[in-house]
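# Working through the structure, step by step
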Amino acid sequence: MNDAALQSALEKVFRPLSCPDVVSVDHLTRADVEMLLELAKLFKAKKTQKFSLLKGTSVGLAFFESSTRTKSSFDLAGKNLGADMISVGSGTQEKKGENFFDVVQNIAAMNMRIIVLRTAASGLPEQASRVTNAHIINAGDGTHEHPSQALLDMLTISESFSDPRGKVITVIGDILHSRVFGSLARIVRLLEMELRVVAPYTLIPEELEQTFGARFYSNLEKALPGTDVVYALRVQGERGASGYIPTLREYSRGYGITAARLRMANPGAILMHPGPIQRDTDIAHELVQHPQSRIYTQVENGVAMRKALLYALASGPEKELGTHFSPL
Ligand code: CP
């Protein structure tokens, strides 16, 4: 398929997103999500084939926290589609005392169409979206949200279950500190899946059930029967989570996913994890590449979904900046 053929297939699916920035799943409609899933499937079929669909489009990657998967997959996605990619990382603010919003506005001044932002603080991408004409994609902000992860996860789920509606997803682990959970819970609700959560009481936020419609279980043996998607999270030591549990060994004994526990879920259940994995703590070493595991499929799908996001934002209307807010 050449550019023209792919472009024609994409145009049959594409319509502008209902939001100029992708900072929270809350801003996406069900139609937005379904359209992004369709675009991502078209891109996935092309693997790493190069196209010039985003030729002349500049994309900035501004990661103020480390990343293995998200940053490299946005970078590869943009390059495969012919965008000009630039990258700034941690250090700028700390070493030179530059204001976060100045960093964003300086990158935007180079005529960036899209800026992909990862920040240690919750809410900064949303604030940044109000001070720049560039479309902002939240690549993970503190303990708040990580929308592109939720979208690639839903692509992965939809490959195993063509209609996710009514399917049961059980999320296990450090819910309290997880931005992955923040976006996953929102997209699961939007697509009408049933959400179960298993964790020590200390790693569960207040009002979880009211906020996300999730059902809390204190042990895996009760939660896993009837589960279609087993989704493990890691204990986020860098956010102080180890202070909420006695020891990682104890945590693993109660909440680690083993082969025996995976068998408690439905026979066709899939196993997912956003990474980084803590082998033999969140998930048994031998399950990482188990036939039911979709962990590396999630990584592969990350590139396709990020192509869909970049394409959708670059192909929609240019962003108009509101004047109601300035943090400077
Ligand atoms: N899943 C995820 O966000 O991984 P990275 O921190 O490596 O980007």
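Note on numbering: residues in each chain are counted from 1, in written sequence order. Given that this is a predicted model, residues contribute local features only at a pLDDT of at least 70 and side-chain atom pairs are listed and counted only at 80 or more, while totals for whole chains, interfaces and linings are drawn from all residues. Hydrogens are left out, water is left out, and the side-chain values use all remaining heavy atoms of the structure.

## Quick word on the pattern of salt bridges
- Here a salt bridge means any side-chain nitrogen of Lys or Arg lying within 4 Å of a carboxyl oxygen belonging to Asp or Glu. One pass over the full model with this rule turns up 13 salt bridges.
- Between Arg30 and Glu34 there is a salt bridge, with its nearest N and O atoms 3.1 Å apart. Pair noted here: Arg30 and Glu34 are both in helix H2 (residues 30-45), with a separation of 4 residues, about one helical turn.
- Take Arg30: its relative accessible area is 23%, and that puts it in the partly exposed class.
- Look at Glu34 and you get partly exposed, because its relative accessible area is 39%.
- Close ionic contact of Arg196 with Glu194 constitutes a salt bridge, the shortest N to O distance being 3.2 Å. Numbering of helices and strands runs from the N terminus; a helix is a DSSP stretch of H or I covering at least four residues, while a strand is a stretch of E covering at least two. The buried label applies to any residue whose accessible area, calculated with a 1.4 Å probe on protein chains only, is under 20% of its type's maximum; exposed applies above 50%, and partly exposed to all values in between.

## Re the site of the ligand
- Nearness is defined per residue: one heavy atom within 4 Å of the molecule or strand is enough. As a structural note, the neighbourhood of the ligand is formed by Ser67, Thr68, Arg69, Thr70, Arg118, His146, Gln149, Pro274 and Gly275.
- Counting of polar contacts relies on pairs of N or O atoms within 3.5 Å, with two restrictions inside protein: one atom must be capable of donating a hydrogen and the other of accepting it, and residues adjacent in sequence are counted only when both atoms are side-chain atoms. Between Arg69 and the ligand, the recorded distance is 2.8 Å, taken from a backbone N or O atom to an oxygen atom.
- Between the ligand and His146 there is a distance of 2.9 Å, counted from an oxygen atom to a side-chain nitrogen or oxygen.
- Across the complex, the protein chains shield 91% of the 260 Å² of accessible surface that the ligand would expose by itself.
- Amino acids outside the nonpolar list (Ala, Val, Leu, Ile, Met, Phe, Trp, Tyr, Cys, Pro) and the charged list (Asp, Glu, Lys, Arg) are all regarded as polar, and Gly is one of them. For the shell around the ligand, the residue count by class is 1 nonpolar, 6 polar and 2 charged. For the area figures, the Shrake-Rupley method with a 1.4 Å probe applies, and any residue is considered shielded solely by the protein chains shown.

## Side note on unusual backbone geometry
- Each neighbour pair has its own omega, and for Gly275 with Pro276 the value is -10°, a cis peptide bond.
- Looking at the secondary structure, you find Pro276 in the loop between strand S9 (270-272) and helix H13 (295-315).
- If you check the backbone angles, Glu207 has positive phi at about 60° while not being a glycine.
- Looking at the secondary structure, you find Glu207 in the loop between strand S6 (194-198) and helix H9 (208-212).
- Backbone geometry places Asp280, a non-glycine residue, at a positive phi of 65°.
- Looking at where Asp280 falls in the secondary structure, it is placed in the loop between S9 and H13.

## Remarks on the sheet that holds strand S5 (residues 168-172)
- In spatial order, the strands read S7-S6-S5-S8-S9; together these 5 strands make up an open sheet with parallel pairing. Only two strands of the sheet have a single neighbouring strand rather than two, namely strand S7 (215-217) and S9. The mean angle between the axes of side-by-side strands here comes to 20°, regardless of whether they run parallel or antiparallel.
- Note on pairing: DSSP must find at least two bridges between two strands before they are called paired. Pairing between S6 and S7: 3 bridges, direction parallel. Considered in S7, the bridge of Arg196 is made with Arg215. To define axes, lines are fitted to C-alpha atoms, for helices over the stretch in contact only, and angles between the resulting N-to-C directions are given on a 0 to 180 degree scale.

## So, the pairing of S6
- Of all 5 residues that make up S6, 4 are buried, and the element is covered over most of its length.
- Bridge count between S5 and S6: 5 bridges; the pairing is parallel. Within S6, the position partnered with Val168 by the bridge is Glu194.
- In terms of handedness, the path from S5 via helix H8 (residues 179-190) over to S6 forms a crossover that is right-handed. Whether a crossover is right-handed depends on one test, that the path from the first strand over the helix to the second runs clockwise when the strands point away from the viewer.

## Structural notes on the sheet that holds strand S1 (residues 58-63)
- Sheet architecture is open: 4 strands sit in the order S2-S1-S3-S4, paired in parallel fashion. Two strands in the sheet have a free side with no partner beyond their single neighbour: strand S2 (84-89) and strand S4 (135-141). Averaged over all pairs of adjacent strands, the angle between strand axes in this sheet comes to 15°, irrespective of strand direction.
- The sheet contact formed by S1 and strand S3 (residues 114-119) spans 5 bridges and is parallel. Following the sheet pairing, Val59 is matched in S3 by Ile114.
- Contacts from H13 reach S1, S3 and S4, with the element oriented near 155° to S4. We call two residues contacting when some pair of their heavy atoms lies within 4.5 Å.

## So, the environment of Thr281
- Locating Thr281 in the fold gives a position in the loop between S9 and H13.
- It is 7.1 Å that separates the C-alpha atoms of Thr281 and Arg249, two residues lying 32 residues apart in sequence.

## Quick notes on the nonpolar core
- Core analysis: the largest hydrophobic core is formed by 93 residues, its most contacted members being Ile169, Phe181 and Leu195.
- With 11 residues, H13 is the single largest residue contributor to this core.
- Beyond its immediate stretch of four places on either side in the chain, Ile169 contacts Ile157, Leu184, Val188, Met193, Glu194, Leu195, Arg196, Val229 and Tyr231. Among buried residues, the Ala, Val, Leu, Ile, Met, Phe, Trp, Tyr and Cys ones that are joined through side-chain atoms within 4.5 Å form a nonpolar core.

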